[in-house]
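Examination of the molecular architecture
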Amino acid sequence: MNEQEVLYGFSSALIAAALFVAIVVCNELGFRAGRFTQTHTTSEMKELTGSVQASILGLLALLLGFTFSMSMQRYDSRSIAVIDEANAIGTAVLRVELLPQEFQDDAKQLWRDYAQLRVEVGEVDLTKVDERNEYNAKIAQLQSELWSLAVAATNVDPRPVTTGAFVKSLNDAIDSQGKRNALLQMHVPEVVLFLLFVVFIASGGIMGYSSGLSGKRMVVPIMLVSFLITLIVFLIIDLDRPKRGFIQVNQAPMVEVLGGLSR
């Protein structure tokens, strides 16, 4: 987790609830301001306020679509990374059979331990930095042991179609693990989220102000719109939170690889 991120330490549900309260408060303040200036506002100004309201809501819709797309792309990338790593480990395990006989049992045990650690670390919250560092240290140690085994096997059998194939699959597994770790650190920039929040709250204020100018409260429609937008914001934040939010990347591919190694 990037230490510069402010929002990641807070629950996505808590952020969404705070935003909903903020938009309701701003809506009420806007309504009262509109009622206060109602008698001094001309019909032209009321029409202009309606145009401004439409522009802000249009900007909000644009930001929602843009931000949702960013968070969804990152979620998809993390999901694909799990599949790629599981495939890389599965391929490496199959190519253990290409190693000289004296190395095969040790290689299978190392891969079994490696897959177990990858499944376990996949369930650890990114905010638990110390625990994740311990897992990463163990994983790095196993990678080193696998590489040493590959070097020793190469000295015995240097053929590219046997030991060489195993070395390539080992490289692919290590690369896929690094890529997956890198994707865990990729989030929607918080400045984009803050901009979305500001426009979201401003839209509540302008809707309340417009209602105040008309002299009529529109409680149900405004609350419905606010709730739906809050729900979308919640989904955006939750999708962007690997190991933290309610929406989690499916670890089934890695679990299946581990299950195959355990048999």
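Whatever comes next refers back to the structure up there.
Parameters and conventions
Residues numbered from 1 in each chain as written. Predicted model: local features only at pLDDT ≥ 70, side-chain atom pairs only at ≥ 80, totals over all residues. Heavy atoms only, no water. Helix = DSSP H or I, 4+ residues; strand = E, 2+ residues; numbered from the N terminus. Expected span 1.5 Å × (residues − 1). Buried < 20%, exposed > 50% of the residue type's maximum accessible area, 1.4 Å probe, protein only. Contact = heavy atoms within 4.5 Å. Salt bridge = Lys/Arg side-chain N within 4 Å of Asp/Glu carboxyl O. Patch = residues over 30% accessible without salt bridge, like charges linked within 9 Å, V, L, I, M, F, W, Y side chains within 5 Å. Areas by Shrake-Rupley, 256 points an atom, 1.4 Å probe, with all protein chains shown as cover. Core = buried A, V, L, I, M, F, W, Y, C linked by side-chain atoms within 4.5 Å.

Focus on helix α4 (residues 129–156)
- A rise of 1.5 Å per residue sets the reference length of α4, with its 28 residues, at 40 Å; its end C-alpha atoms lie 41 Å apart and thus fit the reference within 8%.
- Along α4, the positions that sit buried rather than exposed are Arg-132, Tyr-135, Ile-139, Leu-142, Gln-143, Leu-146, Leu-149, Ala-150 and Ala-153.
- Looking at the packing, one finds that the buried side of α4 touches α3 (101–121) and α5 (163–184).

Some details on the pattern of salt bridges
- Within this structure, the stated rule accounts for 6 salt bridges.
- Where Asp-157 meets Arg-159, a salt bridge forms, and the shortest distance between an N and an O atom there is 2.9 Å.
- We classify Asp-157 as buried; its relative accessible area is 11%.
- What emerges from the salt-bridge pattern is a single network uniting Glu-85, Arg-118 and Arg-180.

Side note on a nonpolar patch on the surface
- On the surface, Phe-68, Leu-224, Phe-227, Leu-228, Leu-231, Ile-232 and Leu-235 cluster together to form a nonpolar patch covering roughly 580 Å² of accessible area.
- No other element matches helix α7 (residues 219–239), which puts 6 residues into the nonpolar patch.
- The partly exposed category is assigned to Ile-232, whose relative accessible area is 34%.

Regarding the nonpolar core
- Ile-89, Leu-99, Trp-111, Leu-149 and Phe-166 are the most contacted members of the largest nonpolar core, which totals 36 residues.
- Element by element, the count of residues in this core is highest for α3, at 9 residues.
- Apart from residues lying up to four places away in sequence, Ile-89 is in contact with Trp-111, Tyr-114, Ala-173, Met-254 and Val-257.
- Core analysis: the second largest hydrophobic core is formed by 19 residues, Val-188, Phe-197, Ile-229 and Val-233 among them.

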